[in-house]
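Secondary and tertiary structure notes
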Amino acid sequence: MTIALGDIGIMGLGVMGRSLALNMADHGFRVAVYNRTDSVTRDFAMQAGPEQQVRPCYSPEEFAAALTVPRKVMIMVKAGQPVDAVIETLQDLIRPGDVVMDGGNSHFRDTMRRAERLAAEGVGFLGVGISGGEFGARTGPSIMPGGPREAYEAVRPILEAIAARADGQPCVAYLGPGAAGHYVKMVHNGIEYGLMQLLADTYALLKRILGLSNEELVEVYSSWNEAELDSYLVEITAKIFARRDDITGAGLIDLIRGEAAQLGTGVWTAQTAMDLQVPSPNVDIAVAMRNLSALDQERRAAAVALGSLHEREHRTAQAEDAAALLTIEDVRRALFAGMIVTYAQGFAHLRTASTVLGLDLRLEDVASVWRAGCIIRSALLRDIRAAFRRQPELANLLADRDLAGTIASRREDLARTVRAAASTGVPAPGLMAALAYVDAYRADWLPFNLTQAQRDYFGAHTYRRHDQEGVFHTDWFAEEGGS
Ligand code: 6PG
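Residues numbered from 1 in each chain as written. Predicted model: local features only at pLDDT ≥ 70, side-chain atom pairs only at ≥ 80, totals over all residues. Heavy atoms only, no water.

Here we come to the overall build of the protein. Looking only at helices and strands, the protein has 20 helices and nine strands in total. For 483 residues, the compact-globule estimate of 2.2 N^0.38 gives 23 Å, and the C-alpha radius of gyration of the protein, at 26 Å, lies within 12% of that figure. Its C-alpha atoms give the protein principal-axis dimensions of roughly 85 × 65 × 45 Å. The buried share among the 483 residues of the protein stands at 50%. Restricting to contacts in the protein with at least 6 residues of sequence separation, those with at least 24 account for 68%. Working note: accessible area of the protein is about 22400 Å², and carbon and sulfur atoms make up 55% of it. (Helix = DSSP H or I, 4+ residues; strand = E, 2+ residues; numbered from the N terminus. Rg over C-alpha atoms; globule rule 2.2 N^0.38 Å. Buried < 20%, exposed > 50% of the residue type's maximum accessible area, 1.4 Å probe, protein only. Contact = heavy atoms within 4.5 Å. Areas by Shrake-Rupley, 256 points an atom, 1.4 Å probe, with all protein chains shown as cover.)

Right, here's the structure in full:
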């Protein structure tokens, strides 16, 4: 169907672009679309229903002319160079006052650079994190926009209409200037990595220590999803264990190779957390384990050289005892504690980044936007949102009264679960990192007086003291008689 002028234009008709365009059209917006390959545009226009006002455009010029002014354009191409290429194409066709959005997983530094370049031409550039995959984009994603406020206001009705809803509110909010939106999406993905690692850990423990079958795993994760663990990732985990292979009819999960791939956002989250000196070990270990999982050949060789501890017949009596003490309920409670810790690290990261990079984030809004539509949506985010509403400047979720209570009451479950994993040799690095983080975060004494002494010993890096103000250096060699 041909329409006069589009309310919004989408450039890039991959899976996400197509799904968003249909979502917008469902909500009564007139959508102009353009893809580099004409046949993709044509096929898409034929796929759209007669009631959906979609206008296919076959050149960037036609696309720009097909939009109401000021234009609103959403770029939906692969992150990296393709985004720059599209902006280059648009540059001569757009005018001051137009709004350009990048809906991909772009690196926040690229978004800063592009925003600056377009701002010089009077064009409002929004970095828009979009989560929820193909299904989310089609039916209601979680949307994380950042950039100039007035640019957001211009597209706000569209974004609010297509977003997921939680408790009747749209899961979209203006998050802050510059690259705030893409930064939040990056950390979303880092948390996603951390939660997926915890789920991988629990799967390993339930399968290798407690001997659960795929059918039993479906039951366990489904029932977990009914209560406090209610979340997208737990929900799909149950469904995955239930899935049979189309080709062989066997349980699909057992046919999939255990080598985890990654596109990069988890690494970026870990890297930026390191740069900002924000501890986020659950993201770090999740990235490291994906890397380790890919070392297939090396792991096979090591299993021979080192022996595979977690095979039942190789277990010591002690390991058997620890395994015998583990219950499904322990694992459930440990997982919930691990989830809280993982979100806590992500929000602590955002809090520091907001200050250092001037992102001006309201963490309550971030929690609110993540309540539905995204990969890390969970019932827990309601409690997290409440925590930031009570204390907007809360340094760490573990310091929140309610969440601290939950963690305290689960510390033993986490420890028992980690003990069983350590004794039997089933790696559970996400849960282990979470336990170490909790214990270190609440420690009134940590052994880094030794680290400081060592640094001063070998590098004269100086240290501070409990009993006196100032910076000190000791001549460590004097006592050794100058040796
Ligand atoms: C989302 C997802 C999405 C994508 C991840 C996958 O929020 O919808 O996070 O952005 O699926 O980037 O990341 P990896 O390939 O790195 O696991």
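Text resumes after the structure shown.
The domain architecture assigned to the protein consists of domain 1 (8–178), domain 2 (185–441) and domain 3 (450–480). The straight-line distance from the C-alpha centre of domain 1 to that of domain 3 is 56 Å. (Domains from an automatic or database assignment.)

Taken together, 14 residues sit near the ligand, with Ser131, Glu192, Tyr193, Leu263 and Arg290 positioned nearest. In the environment of the ligand, an oxygen atom lies 3.3 Å from a nitrogen or oxygen atom belonging to the backbone of glycine 133. Compared with its free state, where it exposes 420 Å², the ligand has 78% of that area covered by protein. Taking a 2 Å distance to the grid points as the criterion, the majority of the atoms of the ligand fall inside the second largest pocket. Here the element with the most residues in the shell around the ligand is helix α8 (residues 180–209); it accounts for five residues. For the shell around the ligand, the class distribution of residues is three nonpolar, eight polar and three charged. Summarising the domain contributions, the shell around the ligand has at least three residues from each of domain 1 (8–178) and domain 2 (185–441). (Near = heavy atom within 4 Å. Polar contact = N/O pair within 3.5 Å; in protein donor to acceptor, adjacent residues only side chain to side chain. 1 Å grid on protein atoms, 1.4 Å probe; cavity = no way out; pocket = protein on both sides within 12 Å on 5 of 7 lines; lining within 4 Å. Sits in = over half its atoms within 2 Å of the grid points. Nonpolar A, V, L, I, M, F, W, Y, C, P; charged D, E, K, R; others polar.)

Evaluation of the coordinates by the stated rule reveals one cavity of 30 Å³ or more. Taken as a whole, the largest cavity encloses approximately 40 Å³ of empty space. The wall of the largest cavity is formed by Leu195, Leu199, Ser231, Leu233, Val234, Met339, Tyr343, Ile375, Ile376, Arg377 and Ser378. When residues of the lining of the largest cavity are traced back to their parent elements, those giving at least two are α8, α10 (232–242) and α15 (328–357). Each residue belonging to the lining of the largest cavity can be placed in one class, and the counts come to eight nonpolar, two polar and one charged. (Points joined across faces, edges and corners; volume = space filled by probe spheres on them.)

Enumeration over the complete set of coordinates arrives at 12 aromatic pairs. Geometrically, the ring pair formed by tyrosine 34 and phenylalanine 63 is tilted, given 6.3 Å between the ring centres and 45 degrees between the ring planes. Of the two residues, tyrosine 34 sits in strand β2 (residues 31–34) while phenylalanine 63 sits in helix α3 (residues 60–65), which places them 29 residues apart along the sequence. Overall, tyrosine 34 belongs to the buried group, its relative accessible area being 12%. Summarising the aromatic geometry, the rings of tyrosine 203 and phenylalanine 241 are spaced 4.8 Å apart at their centres and angled 50 degrees between planes, so their arrangement reads as tilted. Of this pair, tyrosine 203 sits in helix α8 while phenylalanine 241 sits in helix α10, and the two are 38 residues apart along the sequence. (Phe/Tyr/Trp six-rings, centres within 6.5 Å; stacked < 30°, edge-to-face > 60°.)

Between valine 69 and the following residue, proline 70, the backbone shows a cis peptide bond with an omega angle of -5 degrees. Of note, the phi angle at aspartate 167 is positive, near 50 degrees, even though the residue is not glycine. Here aspartate 167 shows up in the loop between β8 (165–166) and β9 (169–170). For aspartate 360, which is not glycine, the phi dihedral falls at a positive 60 degrees. Its location among the elements puts aspartate 360 in the loop between α15 and α16 (363–369). Taking relative accessible area as the criterion, aspartate 360 reaches 59% and is therefore assigned exposed.

Given a rise of 1.5 Å per residue, 12 residues ought to cover 16 Å, and the 16 Å separating the end C-alpha atoms of helix α5 (residues 108–119) matches this to within 8%. Looking at α5, one finds that the buried residues are Phe108, Thr111, Arg114, Ala115 and Leu118. Considered in projection along α5, the buried side chains sweep an arc of 115 degrees and stay on one side of the axis. Elements that come into contact with the buried residues of α5 comprise α4 (81–91), β5 (99–102), β6 (124–131), α8, α11 (265–275) and α15. (Expected span 1.5 Å × (residues − 1). Arc of directions from axis to C-beta.)

A separate point is the pairing of strand β7 (residues 142–146). With five of its five residues buried, β7 lies for the most part within the structure. Burial along β7 is two-sided: Ser142, Met144 and Gly146 and Ile143 and Pro145, pointing in opposite directions, are all buried. Examined bridge by bridge, β6 and β7 share five bridges and lie antiparallel to one another. The partner of valine 128 across the bridge, within β7, is proline 145. (Pairing = 2+ DSSP bridges.)

Moving on to the packing of helix α12 (residues 281–293) against α15. Helix-helix packing is described using two parameters, namely the angle between the two axes and the distance between the axes. Where α12 contacts α15, the two axes come as close as 8 Å, and the packing angle between them is 105 degrees. If you check the angle between α12 and α15, you find them roughly perpendicular. Facing α12, whose interface residues are Pro281, Asn282 and Val283, α15 presents Val341, Thr342 and Gln345. Of the residues contributing to the contact of α12 with α15, the split by class is three nonpolar, three polar and no charged. (Axes fitted to C-alpha atoms, helices over the stretch in contact; angles between N-to-C directions. Parallel < 35°, antiparallel > 145°, perpendicular 65-115°, else oblique.)

Attention shifts here to the nonpolar core. In terms of nonpolar packing, the biggest core is built from 79 residues, with Tyr343, Phe347, Trp370, Ile384 and Leu397 touching the most fellow members. For this core, the elements supplying multiple residues, two or more each, are α8, α9 (214–224), α10, α15, α16, α17 (380–390), α18 (401–424) and α19 (429–441). When residues of this core are assigned to domains, at least three fall in each of domain 1 (8–178) and domain 2 (185–441). Apart from residues lying up to four places away in sequence, tryptophan 370 is in contact with Ser142, Met144, Val184, His188, Ile191, Phe347, Leu350, Ile376, Arg377, Ser378 and Leu381. Ranked by size, the runner-up nonpolar core spans 32 residues in total, among them Met24, Ala151, Leu159 and Ile162. (Core = buried A, V, L, I, M, F, W, Y, C linked by side-chain atoms within 4.5 Å.)

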